[in-house]
Amino acid sequence: MKKVTFLLISGLLVLSVGCETVSKTSETAPNNTNVSQVETPKAQQTQAAKEDAQSELRRRQLNQDIRAREQRNNTFNEGSAQNRSESNLESEVRSKLEANIPRGSLTVKASDGGVITVSGTVTNQQELAKIERLAKEIKGVKTVNVKAVVAQPKS
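Residues numbered from 1 in each chain as written. Predicted model: local features only at pLDDT ≥ 70, side-chain atom pairs only at ≥ 80, totals over all residues. Heavy atoms only, no water.

As for the overall build of the chain
For the chain, the helix and strand inventory stands at 5 helices and 4 strands. Along the chain direction, N to C, the helices and strands of the chain fall in the order α-α-α-α-β-β-α-β-β. Counting only residues that meet the buried cut, the chain has 25% of its 155 residues in that class. Pairs at least 24 apart in sequence give 57% of the contacts found in the chain among residues at least 6 apart. When the accessible surface of the chain is totalled, it reaches about 11600 Å², and 53% of it is carbon and sulfur. (Helix = DSSP H or I, 4+ residues; strand = E, 2+ residues; numbered from the N terminus. Buried < 20%, exposed > 50% of the residue type's maximum accessible area, 1.4 Å probe, protein only. Contact = heavy atoms within 4.5 Å. Areas by Shrake-Rupley, 256 points an atom, 1.4 Å probe, with all protein chains shown as cover.)

Next comes the structure, spelled out in structure tokens:
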């Protein structure tokens, strides 16, 4: 009797899995999941996102995030900046630069010993001059290599 019960239950499970239709997250979800249906954002949406990213509120949020990370690192690492991971340094420097040079297009790479390399473009010479000072404000940054350049205006 146990074998028959086991056979019936397992048969029902196999049958129910085989007959299951793919569930969608909404009525407007596509039936064919193999087709890419990525829609390009409209110019207004792109401009709104850009303005939001460069807003004063966003800068304040980034600076608050940096202060919170510094406090957390001071608490857990007992004030030691030597134990900072490369990804943590990269993230903090990137946030600091994004908050203070919002129209720049910069990448940040950290390596052993607190060496930070910043590359990309900024809009003017004053922003270029701020990069090293801003990066060194982050605890654990020892050296900053600035490989960024001033972007030529588009004509």
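Some words on the nonpolar core
One recurring pattern in soluble globular proteins: nonpolar side chains tend to sit buried together. The biggest cluster of nonpolar side chains holds 19 residues, and the ones touching the most others in it are Val93, Leu97, Leu106, Ile116, Val118 and Ile131. Elements with a minimum of two residues in this core: helix H4 (86-100), strand E1 (105-111), strand E2 (115-122) and helix H5 (125-136). In contact with Ile131, not counting residues within four places along its chain, are Leu97, Ile101, Leu106, Val118, Val122, Val146 and Ala148. (Core = buried A, V, L, I, M, F, W, Y, C linked by side-chain atoms within 4.5 Å.)

Some points on the environment of Glu127
With respect to the helices, strands and loops of the structure, Glu127 is situated in helix H5. With 23 residues separating them in the primary sequence, Glu127 and Gly104 have C-alpha atoms 8.1 Å apart. With near-sequence residues (within four places) excluded, Glu127 lies in contact with Ile101 and Val122.

Remarks on the pairing of strand E3 (residues 143-146)
Note that E2 and E3 share 4 bridges and pair parallel. In the sheet register, Ile116 faces E3, and the bridge partner there is Val144. Between the parallel pair E2 and E3, the chain is carried across by H5, and the sense of this crossover is right-handed. (Pairing = 2+ DSSP bridges. Right-handed = clockwise from strand over helix to strand, strands pointing away.)

What about the confidence of the model for the chain?
Overall, the prediction assigns the chain a mean pLDDT of 76, with 68% of residues at 70 or greater. For the chain, per-element mean pLDDT is lowest for helix H2 (residues 43-53), which scores 69, and highest for E3, which scores 93. (pLDDT = per-residue confidence, 0-100.)

Quick word on H4
Between its first and last C-alpha, H4 extends 21 Å over 15 residues, near the 21 Å set by a 1.5 Å rise per residue. Looking at H4, one finds that the buried residues are Asn88, Leu89, Glu90, Glu92, Val93, Ser95, Lys96, Leu97 and Ala99. (Expected span 1.5 Å × (residues − 1).)

Focus on the pattern of salt bridges
Taken as a whole and judged by the stated rule, the model has 5 salt bridges. Close ionic contact of Glu90 with Arg94 constitutes a salt bridge, the shortest N to O distance being 3.8 Å. Of the two residues, Glu90 and Arg94 both sit in helix H4, 4 residues apart, roughly one turn of that helix. A relative accessible area of 36% means that Arg94 is categorised as partly exposed. (Salt bridge = Lys/Arg side-chain N within 4 Å of Asp/Glu carboxyl O.)

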